[in-house]
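Architecture at a glance
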Amino acid sequence: MKTYSVKKSEIKRGWHLVDAKGQILGRLATKIASLLIGKNKPYFVSHLDCGDYVVVINASQVKVSGRKAQQKKYYRYSGYPGGLKEITFSQQMTKDPTKVIRHAVEGMLPKNKLRDKRLARLKIFVGEEHQYKDKFKIQNSKSKINPK
């Protein structure tokens, strides 16, 4: 018996709807990263991009545990002296909650050439409304991740 190796043309991409309402940020990000990588597929190989599309709704209602809302900080640096900016989790949630989820998922993806392609398949929305409703007409048990 020989080991079967999947080809790039045989990869099928599915769509997954993830509701972030009331979910913990880190646990949610690991589920999303696993779907983007394609680890849930039987023909997963690390050198090909086997992942699916992931649509996240209710990004503004994601939670963190403990005192992370006040203590967790996000940094960005312009490259100039004195150009280091920092913002707390709660400030970032009021400004743009989609960046919080994208940053968490980005940190859980492998740091390789496939990272940008995988992140491009992540669609994050603040509320319930999204433009990919036609992708989810047939709801099955695998296409939606429910909180808890």
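Summary of the structure given here.

Across its full length, the protein chain holds 5 helices and 6 strands. When the elements of the protein chain are put in sequence order from the N terminus, they spell out β-α-β-α-β-β-α-α-α-β-β. Once the C-alpha set of the protein chain is aligned to its principal axes, its extents read approximately 60 × 35 × 30 Å. Taking all 148 residues of the protein chain together, 41% fall into the buried category. The long-range share in the protein chain, meaning contacts at least 24 apart out of those at least 6 apart in sequence, stands at 67%. A total accessible area of about 9700 Å² is found for the protein chain, and carbon and sulfur atoms account for 53% of it.

Positive phi, normally seen in glycine, also occurs at N58, with a value near 60°. Its place among the elements puts N58 in the loop between β2 (53–57) and α2 (68–71). On the basis of relative accessibility, which here comes to 2%, the residue N58 falls in the buried class.

Here we take up the packing of aromatic side chains. Taken as a whole and assessed by the stated rule, the structure comprises 4 aromatic pairs. For the ring pair W15 and F136, a centre distance of 6.3 Å and an interplane angle of 90° mean the geometry is edge-to-face. Pair noted here: W15 is in strand β1 (residues 15–19) and F136 is in the loop between β5 (122–124) and β6 (144–145), with a separation of 121 residues, a long-range link. Considered together, W15 and F136 belong to a single accessibility category, that of buried residues. Clustering of aromatic rings is evident, with ring pairs tying together W15, Y53, F125, Y132 and F136.

Looking at the second largest pocket, its volume works out to about 220 Å³. Forming the boundary of the second largest pocket are Y74, Y75, R76, I87, Q92, K95, K99, V100 and H103. At the level of elements, β3 (73–77), α3 (89–95) and α4 (97–108) are the ones that each hand at least two residues to the lining of the second largest pocket.

Counting residues in hydrophobic clusters, the biggest one holds 27 residues, and the most contacted among them are L25, I32, V54, V56, I101, V105 and L122. Elements that contribute at least two residues to this core include exactly α1 (25–37), β2, α3, α4 and β5. Sequence-distant contacts of V54, defined by excluding residues within four places in its chain, comprise H16, V18, I32, L35, L36, R121, L122 and K123. Listed in part, the 7 residues of the second largest apolar core include L17, V55, Y132 and F136.

Cut-off values and rules
Residues numbered from 1 in each chain as written. Predicted model: local features only at pLDDT ≥ 70, side-chain atom pairs only at ≥ 80, totals over all residues. Heavy atoms only, no water. Helix = DSSP H or I, 4+ residues; strand = E, 2+ residues; numbered from the N terminus. Buried < 20%, exposed > 50% of the residue type's maximum accessible area, 1.4 Å probe, protein only. Contact = heavy atoms within 4.5 Å. Areas by Shrake-Rupley, 256 points an atom, 1.4 Å probe, with all protein chains shown as cover. Phe/Tyr/Trp six-rings, centres within 6.5 Å; stacked < 30°, edge-to-face > 60°. 1 Å grid on protein atoms, 1.4 Å probe; cavity = no way out; pocket = protein on both sides within 12 Å on 5 of 7 lines; lining within 4 Å. Points joined across faces, edges and corners; volume = space filled by probe spheres on them. Core = buried A, V, L, I, M, F, W, Y, C linked by side-chain atoms within 4.5 Å.

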